[in-house]
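# Geometric and topological summary
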Amino acid sequence: MLNFDFSIAGIGSLGAMMLIAMVFICYCFAIHLIVTWNPYHRPAIPLVSSLILCTGPMLAMSMEKDGATSLAEMLEIIFLFTSLGGGVIVLWMPIILAFVTFQMLIVSRKSPTEDPLIEMLEN
Amino acid sequence: MPEQPLYFESDYHRCEFISFCNDDGRESYLKVVTWSLISISTALIGCYTIIRGSRIYAERNLPVLAIGWFFLGLSWWSIAQSQWFVDAYTRLDVLAWMVCFIFGIAGTVYILFQIIRFTENVSPKDPPIEPLNDNERRLVTEMIRRNLGDGS
């Protein structure tokens, strides 16, 4: 049904995959900090750090050939990194789903336990 | 994903890095995205329905439980149909990518953890919170009793 090949020149090395993971996680973390903005979480330093860790490798990759970059190139690399990151996470899905299915089996057969909080309130 | 402009169009930009931007890989890429979304969404619906139908929050509801397992089965079926997973799991280089990706995630989480710890250390500490007085304690107890107790 599906036939897809990640034939991306120069990106298949193992170190590059670790770098893509870093960019992907920092990208998600930055979005998380922005959409759940709360000054009591002290988000400024983590947000700046994750943006630096996120944009650094992308900027380096876009400037690799001619030492210059453009918005179109940056957007292309953002798309590349996020789609590759998402793709590898999807590759883990059968293993994650096997674990989740096992958990659902336990949940389906489980009986509720006595709530210790209610007992504590009554005493 | 919008269609790529042709070379004579004004907004044409040649993709340097992404193979599936220009060539036939685009169709396969869209298929993988579509089927992945189907697998993930059916798995999420299935898990939610199973939890709703089990005896966690209320009495067991067998029809709801059966619908949940149907959706989870549908998710497994969509994965089993996908040649993409078979290709990936039989290639050593892709398996190595997957493992390296997990190491990358672990390393990044550790770095972010250290950054958050540093931020907490350099931020001025908040004064200690006063303990609840009798009125507040009664209020909290009543809220818990109403939410978890008999509801009366």
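These numbers come from a predicted model, not from an experiment.

### Examining the overall build of chain A
Looking only at helices and strands, chain A features five helices and zero strands. Ordered by position from the N terminus, the helices and strands of chain A form the series α-α-α-α-α. Classification of the 123 residues of chain A by burial places 30% in the buried group. In chain A, of all internal contacts separated by at least 6 residues, the share reaching a separation of at least 24 is 51%.

### Considerations on the overall build of chain B
Broken down by element type, chain B carries six helices and zero strands. Counting over 152 residues, chain B shows a buried share of 18%. Once local pairs closer than 6 in sequence are excluded, the contacts in chain B between residues at least 24 apart make up 38%.

### As for the interface of chain A and chain B
Every contact between the two is made by 48 residues of chain A and, on the other side, 54 residues of chain B. Among the elements of the structure, helix 1 (14–35), helix 2 (44–62), helix 3 (71–91), helix 4 (93–109) and helix 5 (116–122) of chain A are those that each provide at least two residues to the side of chain A that touches chain B. No other element matches helix 1 of chain A, which puts ten residues into the side of chain A that touches chain B. Across the side of chain A that touches chain B, the residue classes break down as 34 nonpolar, eight polar and six charged.

### Digging into the nonpolar core
One finds A:Ile20, A:Ala21, A:Met22, A:Val23, A:Cys26 and A:Phe81 to be the most contacted residues of the largest nonpolar core, which totals 41 residues. Elements represented by at least two residues in this core include exactly helix 1, helix 2, helix 3 and helix 4 of chain A together with helix 2 (25–53), helix 3 (62–81), helix 4 (83–89) and helix 5 (92–122) of chain B. In terms of residues, this core owes the most to one element, helix 1 of chain A, which gives 13 residues. Of the residues that make up this core, three or more belong to each of domain 1 (1–90) and domain 2 (92–152) of chain B.

### Topic: the packing of helix 1 of chain A against helix 2 of chain A
Packed helix pairs are specified by the crossing angle of their axes together with the interaxial distance, meaning the distance between the axes. Residues and elements named next belong to chain A. Put simply, helix 1 and helix 2 touch, their axes get as near as 8 Å, and they point 145 degrees apart. Two packed elements cross with a definite hand, and for helix 1 against helix 2 that hand is left-handed. Residue-level inspection shows Leu19, Met22, Val23, Cys26, Tyr27, Phe29, Ala30 and Leu33 of helix 1 in contact with helix 2, the latter providing Pro46, Leu47, Ser50, Leu51, Leu53, Cys54, Pro57 and Met58. Residue classes in the contact of helix 1 with helix 2 are distributed as 15 nonpolar, one polar and no charged.

### Focus on the confidence of the model for chain B
Residues and elements named next belong to chain B. Summing up the model confidence of chain B, the mean pLDDT is 82 and the portion of residues at 70 or higher is 80%. Per-residue pLDDT, averaged within each element of chain B, yields its smallest value for helix 1 (residues 19–22) (55) and its largest for helix 3 (92). Scored as a complex, the prediction yields pTM 0.70 and ipTM 0.75.

### Focus on the confidence of the model for chain A
It should be kept in mind that the predicted coordinates are not to be read in detail where pLDDT is low. Residue and element names in this part refer to chain A. In this model, chain A carries an average pLDDT of 81, and 81% of its residues clear a pLDDT of 70 or more. Taken element by element, chain A is modelled with least confidence in helix 5, mean pLDDT 66, and with most confidence in helix 4, mean pLDDT 92. A low-confidence stretch, residues 1–10 stays under pLDDT 50, and its non-local contacts, those more than four residues away or across chains, total 22 contacts.

### Some thoughts on unusual backbone geometry
Excluding glycine, residues mostly have negative phi values, and the peptide bonds linking residues are mostly trans. At A:Arg42, a residue that is not glycine, the phi angle is positive and equals roughly 50 degrees. Following the sequence through the fold, A:Arg42 ends up in the loop between helix 1 and helix 2.

### Quick look at the packing of helix 1 of chain A against helix 3 of chain A
All names here are of chain A. Running from N to C, helix 1 and helix 3 cross one another at 95 degrees; their axes reach a closest spacing of 9 Å. Relative to helix 3, helix 1 is oriented roughly perpendicular. Only Phe81, Thr82, Leu84 and Gly85 of helix 3 make contact with helix 1, whose side of the interface consists of Ile20, Ala21, Val23, Phe24 and Tyr27. Class assignment of the residues belonging to the contact of helix 1 with helix 3 gives a composition of seven nonpolar, two polar and no charged.

### Things to note about helix 2 of chain A
Helix length check: helix 2 of chain A, at 19 residues, gives a terminal C-alpha distance of 27 Å against a target of 27 Å (1.5 Å per residue), a fit within 8%. Contacts from the buried residues of helix 2 of chain A go to helix 1 and helix 3 of chain A together with helix 5 of chain B.

### Some points on the environment of A:Thr69
All names here are of chain A. Locating threonine 69 in the fold gives a position in the loop between helix 2 and helix 3. Judged by local crowding, threonine 69 falls into the partly exposed class, with 17 C-beta atoms found within 10 Å. Distance in space between the C-alpha atoms of threonine 69 and leucine 59 is 7.6 Å, their sequence separation being ten residues. Excluding anything up to four places from it in sequence, threonine 69 contacts Leu59, Ser62, Met63 and Met74.

What counts, and where the lines are drawn
- Residues numbered from 1 in each chain as written.
- Chains lettered and ligands numbered in written order.
- Predicted model: local features only at pLDDT ≥ 70, side-chain atom pairs only at ≥ 80, totals over all residues.
- Helix = DSSP H or I, 4+ residues; strand = E, 2+ residues; numbered from the N terminus.
- Buried ≥ 20, exposed ≤ 12 C-beta atoms within 10 Å, placed from the backbone.
- Contact = placed C-beta atoms within 7 Å.
- Nonpolar A, V, L, I, M, F, W, Y, C, P; charged D, E, K, R; others polar.
- Core = buried A, V, L, I, M, F, W, Y, C linked by C-beta atoms within 7 Å.
- Domains from an automatic or database assignment.
- Axes fitted to C-alpha atoms, helices over the stretch in contact; angles between N-to-C directions.
- Left-handed = near helix turned anticlockwise from the far one by under 90°.
- pLDDT = per-residue confidence, 0-100.
- Parallel < 35°, antiparallel > 145°, perpendicular 65-115°, else oblique.
- Expected span 1.5 Å × (residues − 1).

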